[in-house]
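Per-entry structural report
Residue strings, one per chain:
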Amino acid sequence: MLNQEKTMEALSRMYEMFPDAVGELHSESPFQLLIAVILSAQATDVSVNKATPALFAAYPTPEALAQAPIEDIIVKIKTIGLYRNKAKNIKACAQMLLDNYGGIVPDSREELIKLPGVGRKTANVVLGDAFGQPAIAVDTHVERVSKRLRICKLNASVTEVEATLMRKIPKELWVKSHHTLIFFGRYHCTARAPKCEICPLLDLCQDGKARLKAAQK
């Protein structure tokens, strides 16, 4: 397990690799970001960004989306995985925003996770990117990188990964670290073919050393 000092050393090297790491979902308001993040579950940001321009052009506000026929929503997001369920969720989410929050996206985790289609990960992304609140959203990339580097235990749950990262990373760096970990996992420490042989974190990475050793046999 990497201690706090080594964890920050690993992150510092990632910051150098990806100095401009930010959320890659396109949006122009907290509402649009919320909808985009809901749509991104088990889908790529690229696929979501291809679908949302038409969706947001037709339904830019909670009022417009809540009133939209479900089949019309489906047509606009059918290129995204799980589109039928997601169409129901985003329409219901828009309606709940109107009914309970005056059409305004709430800026607390407790209220966000009450919305249809919103779990802790989605809420954390919205808190960090829409409202600038310290939060770490653990997606597949964050979880994979954290476990490969042994920042957290291999058998840690998603909530345990989040808690470990929050403990080892200064609060003011949570959002930056979240995006940097995603970029590192998406573009370098990939699921199937991590670039261990050219990785500047190799000396800190037990998993990477084991992979290269196994490859030499």
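Because the structure is a prediction, the values reported are computed rather than measured. (Residues numbered from 1 in each chain as written. Predicted model: local features only at pLDDT ≥ 70, side-chain atom pairs only at ≥ 80, totals over all residues. Heavy atoms only, no water.)

1. Regarding the packing of helix 2 (residues 30–39) against helix 8 (residues 120–131)
It is the contact of helix 2 with helix 8, at a shortest axis distance of 10 Å, that shows an interaxial angle of 150°. Between helix 2 and helix 8, the angle is such that the two are roughly antiparallel. In this structure, helix 2 crosses over helix 8, and the sense of that crossing is right-handed. Two secondary-structure elements touch here, helix 2 through Pro30, Leu33, Leu34, Val37 and Ile38 and helix 8 through Thr122, Val125, Val126, Asp129, Ala130 and Phe131. Residues that form the contact of helix 2 with helix 8 fall into these classes: nine nonpolar, one polar and one charged. (Axes fitted to C-alpha atoms, helices over the stretch in contact; angles between N-to-C directions. Helix = DSSP H or I, 4+ residues; strand = E, 2+ residues; numbered from the N terminus. Parallel < 35°, antiparallel > 145°, perpendicular 65-115°, else oblique. Left-handed = near helix turned anticlockwise from the far one by under 90°. Contact = heavy atoms within 4.5 Å. Nonpolar A, V, L, I, M, F, W, Y, C, P; charged D, E, K, R; others polar.)

2. Description of helix 10 (residues 158–168)
For helix 10, the set of buried residues is Val161, Glu162, Thr164, Leu165 and Lys168. Mapping the buried residues of helix 10 onto a view down its axis gives an arc of 165°, with all of them on the same face. Facing away from the buried side of helix 10 by more than 90 degrees, the exposed set consists of Thr159 and Arg167. (Buried < 20%, exposed > 50% of the residue type's maximum accessible area, 1.4 Å probe, protein only. Arc of directions from axis to C-beta.)

3. As for the environment of Val22
Assignment of secondary structure puts Val22 in the loop between helix 1 (4–17) and helix 2. With a relative accessible area of 49%, Val22 lands in the partly exposed category. In this structure the C-alpha to C-alpha distance between Val22 and His178, which are 156 residues apart in sequence, comes to 8.9 Å. Those residues within four positions of Val22 in sequence are excluded, and the remaining contacts are His179 and Phe183.

4. Here we look at the pattern of salt bridges
Considering all chains together, one arrives at eight salt bridges under this definition. Between Asp203 and Arg13 there is a salt bridge, with the nearest N and O atoms lying 2.5 Å from each other. Residue Asp203 is located in the loop between helix 11 (174–187) and helix 12 (206–215), and its partner Arg13 is located in helix 1; the two are separated by 190 residues in the primary sequence. Taken together, the shared-partner salt bridges in this structure form one network comprising Glu9, Arg13 and Asp203. (Salt bridge = Lys/Arg side-chain N within 4 Å of Asp/Glu carboxyl O.)

5. Focus on the UniProt feature "domain: HhH-GPD" (unreviewed entry) in the chain
Those residues carrying the UniProt feature "domain: HhH-GPD" (unreviewed entry) are residues 39–187 in this numbering. Taken end to end, residues 39–187 is 66% helix and 0% strand, and its two terminal C-alpha atoms sit 21 Å from one another. (UniProt positions renumbered as here; feature names shortened; annotations may be inferred.)

6. Focus on the UniProt feature "binding site: [4Fe-4S] cluster" (unreviewed entry) in the chain
Under the present numbering, the feature "binding site: [4Fe-4S] cluster" (unreviewed entry) in UniProt falls on Cys189, Cys196, Cys199 and Cys205. Sequence-wise these annotated residues cover 17 residues; spatially they are packed, their C-alpha atoms never more than 11.0 Å apart. Within the secondary structure, Cys196 sits in the loop between helix 11 and helix 12. Look past the residues within four positions of Cys196 in its chain and what remains in contact with it is Leu202, Gly208, Arg211 and Leu212.

7. Things to note about unusual backbone geometry
For Gln42, which is not a glycine, the phi torsion comes out positive at approximately 55°. The topology assignment puts Gln42 in the loop between helix 2 and helix 3 (45–58). A relative accessible area of 73% means that Gln42 is categorised as exposed. Phi at Leu82 is positive, roughly 60°, even though this residue is not glycine.

8. Looking at the nonpolar core
One finds Leu34, Leu55, Ile73 and Leu115 to be the most contacted residues of the largest nonpolar core, which totals 38 residues. In terms of residues, this core owes the most to one element, helix 2, which gives eight residues. The residues contacting Ile73, other than those within four sequence positions of it, are Leu55, Tyr59, Leu65, Ala68, Ala87, Ile90 and Lys91. (Core = buried A, V, L, I, M, F, W, Y, C linked by side-chain atoms within 4.5 Å.)

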